[in-house]
Amino acid sequence: MSIPRIPPRDVTLPLLADPYRFVSKESARLGSDAFQTRLLCRGTTCLKGEKGAALFYDAERFRREGAMPSPIRKTLLGEGGVQGLDGEAHRHRKAIFMGLTQADRVRALGARVEAEWIEAAERWLRAGATIRLYDELATMLTRAVCAWSETPLPEADVQLRAGHLRALFDAAGARNPRHFWSRHARRRVDRWLKGVIEDVREGRHRPAENTATFALAHARDPGGTPLAAEVAAVELANILRPTVATAVYVVFLAHALHTQPEAARAATQSLAARDAFIEEIRRFYPFFPSLVATTRRDFVWEGLSFPEGRQVILDLYGTNHDANAWPDPEIFRPARFANRPPGAFDFVPQGGGDHLTGHRCPGEGIVHEILMRSFDVLTTRLRYEVPKQDLRLNLRRLPALPRSGFFLRPLDLARSG
Ligand code: HEM
């Protein structure tokens, strides 16, 4: 059997115009969770759903080296980082990230994020200001993650660095000149963090041994050679940038608390209900749309043939919204997680499979911790109003956000939880 094929036009523009839904719509039209097309002028197979995800994470059949398109490497990811490694080189580098995201370190970051919330809320109340949450969070999370990782950040640089870290994920997928702002930001972030790595190596900065700055400055490749300072800097950015990007999920959390009042009330009743609410935010809301890999060799899967060197896309958003795994996928329903723990390949907001041996995101614990602390602040400590605004999600934007960025007017702050 051959894979259904979209007529041989290049789908780059339609995919960029509807990045979260294009693959699902074409799958539905063709009646198949796998189809062939052309993307960025290359023959491409698109996959969605649990089976497709399990195939995509088969490292015997797929490699990541060179798979991500250059515009994404020059912005979001940087060059030489863990995302583009395979085999032993990948496992060796990934172990560093897993070590940095152990439970006690994650809790320490959570405590810093909570302290930033309280400090910021006091400031907003003193100013009597209505704030745009997305903007505020970028600064709060930059401060928190830099302090936690012991990346020096003078107060005078906070806005500059927060703006650059945010541009890496917020402007990378733009189809207009904002994309070039993201490229500029990548150069600035790489230069800044290379300087930090060199300062550690040359003894001018002495971070604690359990910090990301220390671990990455002293990281080596499997042969024992220290990482090039440029690569260590890209890996440090691989901690800072996505932690700041958790701002997107916190905005989704505020959006869900406001637009799903019944589910929000239920979520305050128990820790299990709160966790289910957080999981449903990660399943329901559009954040990371899809991933790219390349086939290592010819193979046949489920009767479908894949030639060597084929570009393959896994639709993450479509897999999280696959009705076969998630009944009524367009309904926000945290209770679905009560009797149904997510599997390794049907729930892939941050990738699937195994953390250590595969490319699954090592930051899931950090995201959960930041969402949990933010949930507690927004439901038990900060009283606020949500002014009238445009809360529709802009699914044409990467990452999608409520069009307003979520304005809120703080009213009062309880001192302790
Ligand atoms: C903000 C919310 C986040 C989202 C939506 C997200 C999503 C993802 C996705 C989809 C992948 C790719 C998985 C794959 O290639 O198979 C990934 C990988 C990665 N994430 Fe996250 N992530 C988030 C937060 C974090 C955090 C807080 C960290 C900090 C440790 C982090 C660090 C990484 C790293 C280093 C990789 C590369 C892993 C590898 O290639 O082995 N992410 N993330």
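Residues numbered from 1 in each chain as written. Predicted model: local features only at pLDDT ≥ 70, side-chain atom pairs only at ≥ 80, totals over all residues. Heavy atoms only, no water.

1. Points about the overall build of the protein
A tally of regular secondary structure across the protein gives 15 helices and 11 strands. Taking 417 residues into account, the globule formula puts the C-alpha radius of gyration at 22 Å, and the protein, at 21 Å, falls close to it. On the principal axes, the C-alpha backbone points of the protein span a range of 65 × 55 × 40 Å. Counting the 417 residues in the protein, one finds 54% classified as buried. Sequence-distant contacts in the protein: of pairs separated by 6 or more residues, those separated by 24 or more amount to 72%. With an accessible surface of roughly 17,900 Å², the protein has 53% of that area assigned to carbon and sulfur atoms. Each charge sign in the protein was given a centre, from 60 positive and 49 negative side chains, and these centres are 4 Å apart. (Helix = DSSP H or I, 4+ residues; strand = E, 2+ residues; numbered from the N terminus. Rg over C-alpha atoms; globule rule 2.2 N^0.38 Å. Buried < 20%, exposed > 50% of the residue type's maximum accessible area, 1.4 Å probe, protein only. Contact = heavy atoms within 4.5 Å. Areas by Shrake-Rupley, 256 points an atom, 1.4 Å probe, with all protein chains shown as cover. Lys, Arg positive; Asp, Glu negative; His and termini not counted. Charge placed at Lys NZ, Arg CZ, Asp CG, Glu CD.)

2. Brief notes about helix α8 (residues 158–170)
With 13 residues, α8 extends 17 Å from end C-alpha to end C-alpha; this agrees with the ideal 18 Å at 1.5 Å per step. Buried residues in α8 make contact with α4 (70–77), α7 (133–149), α9 (178–201) and α11 (229–259). (Expected span 1.5 Å × (residues − 1).)

3. Considering unusual backbone geometry
Along the chain, Leu398 connects to Pro399 via a cis peptide bond; the corresponding omega equals -10°. Relative to the assigned elements, Pro399 resides in the loop between β10 (382–385) and β11 (407–413). Phi is positive for Leu40, which is not a glycine, with a value near 50°. Here Leu40 shows up in the loop between β2 (34–39) and β3 (42–47). Owing to a relative accessible area of 41%, Leu40 belongs among the partly exposed residues under this scheme. Even without a glycine there, the phi angle at Cys41 is positive, about 65°.

4. Things to note about the site of the ligand
Taken together, 29 residues surround the ligand, and among them Tyr57, Arg64, His90, His359 and Cys361 come closest. Side-chain polar atom of Lys94 to an oxygen atom of the ligand: 2.9 Å apart, as the coordinates give it. With 7 residues, the top contributor of residues to the shell around the ligand is α11. A breakdown of the residues in the shell around the ligand according to their chemical character gives 16 nonpolar, 11 polar and 2 charged. (Near = heavy atom within 4 Å. Polar contact = N/O pair within 3.5 Å; in protein donor to acceptor, adjacent residues only side chain to side chain. Nonpolar A, V, L, I, M, F, W, Y, C, P; charged D, E, K, R; others polar.)

5. Describing the coordination of the iron atom of the ligand
Tetrahedral coordination by four donors puts the ideal angle at the metal at 109.5 degrees, and octahedral coordination by six puts it at 90 or 180 degrees. With respect to protein ligation, the iron atom of the ligand binds only Cys361 (SG), at 2.3 Å. For Cys361, the position within the fold is in the loop between α14 (316–320) and α15 (364–381). (Donors = N, O, S within 2.8 Å, 3.2 Å for Na, K, Ca; no water.)

6. What about the state of the cysteines?
Taken as a whole and assessed by the stated rule, the structure comprises 0 disulfides. We note that Cys146 lacks a disulfide partner, and the nearest cysteine sulfur, in Cys361, lies 18 Å from it. For Cys361, a relative accessible area of 23% gives the class partly exposed. (Disulfide = S-S within 2.5 Å.)

7. A few points about the sheet that holds β10
Here 3 strands make up an open sheet; going across it, the order is β5-β11-β10 and the pairing antiparallel. At either margin of the open sheet sits one strand with a lone partner, and together these are β5 (131–132) and β10. Here β5 runs beside β11; their pairing, made up of 2 bridges, is antiparallel. The residue of β11 that forms the bridge with Ile131 is Leu408. (Pairing = 2+ DSSP bridges.)

8. Digging into the nonpolar core
Core analysis: the largest hydrophobic core is formed by 119 residues, its most contacted members being Trp117 and Phe277. If one sorts the elements of this core by residue count, α11 sits on top with 20 residues. When sequence neighbours within four positions are dropped, the list of residues in contact with Phe277 reads Leu253, Ala256, Leu257, Ala263, Ala264, Ala267, Phe332, Pro334 and Phe375. (Core = buried A, V, L, I, M, F, W, Y, C linked by side-chain atoms within 4.5 Å.)

9. Quick notes on the packing of helix α5 (residues 87–100) against α11
Across the interface, α5 lies against α11 with an axial gap of 12 Å and an inter-helix angle of 40°. As summarised for this structure, α5 and α11 are arranged oblique, according to the angle between their axes. Here α5 runs over α11; the crossing is right-handed. Seen from α5, the contacting residues are Arg93, Phe97 and Leu100; seen from α11, they are Val231, Glu235, Asn238 and Ile239. (Axes fitted to C-alpha atoms, helices over the stretch in contact; angles between N-to-C directions. Parallel < 35°, antiparallel > 145°, perpendicular 65-115°, else oblique. Left-handed = near helix turned anticlockwise from the far one by under 90°.)

10. Considerations on the UniProt feature "binding site: heme" (unreviewed entry) in the protein
Residues given the UniProt feature "binding site: heme" (unreviewed entry) here are Cys361. Cys361 has contacts with Gln350 and His355, leaving out every residue within four places of it along the chain. (UniProt positions renumbered as here; feature names shortened; annotations may be inferred.)

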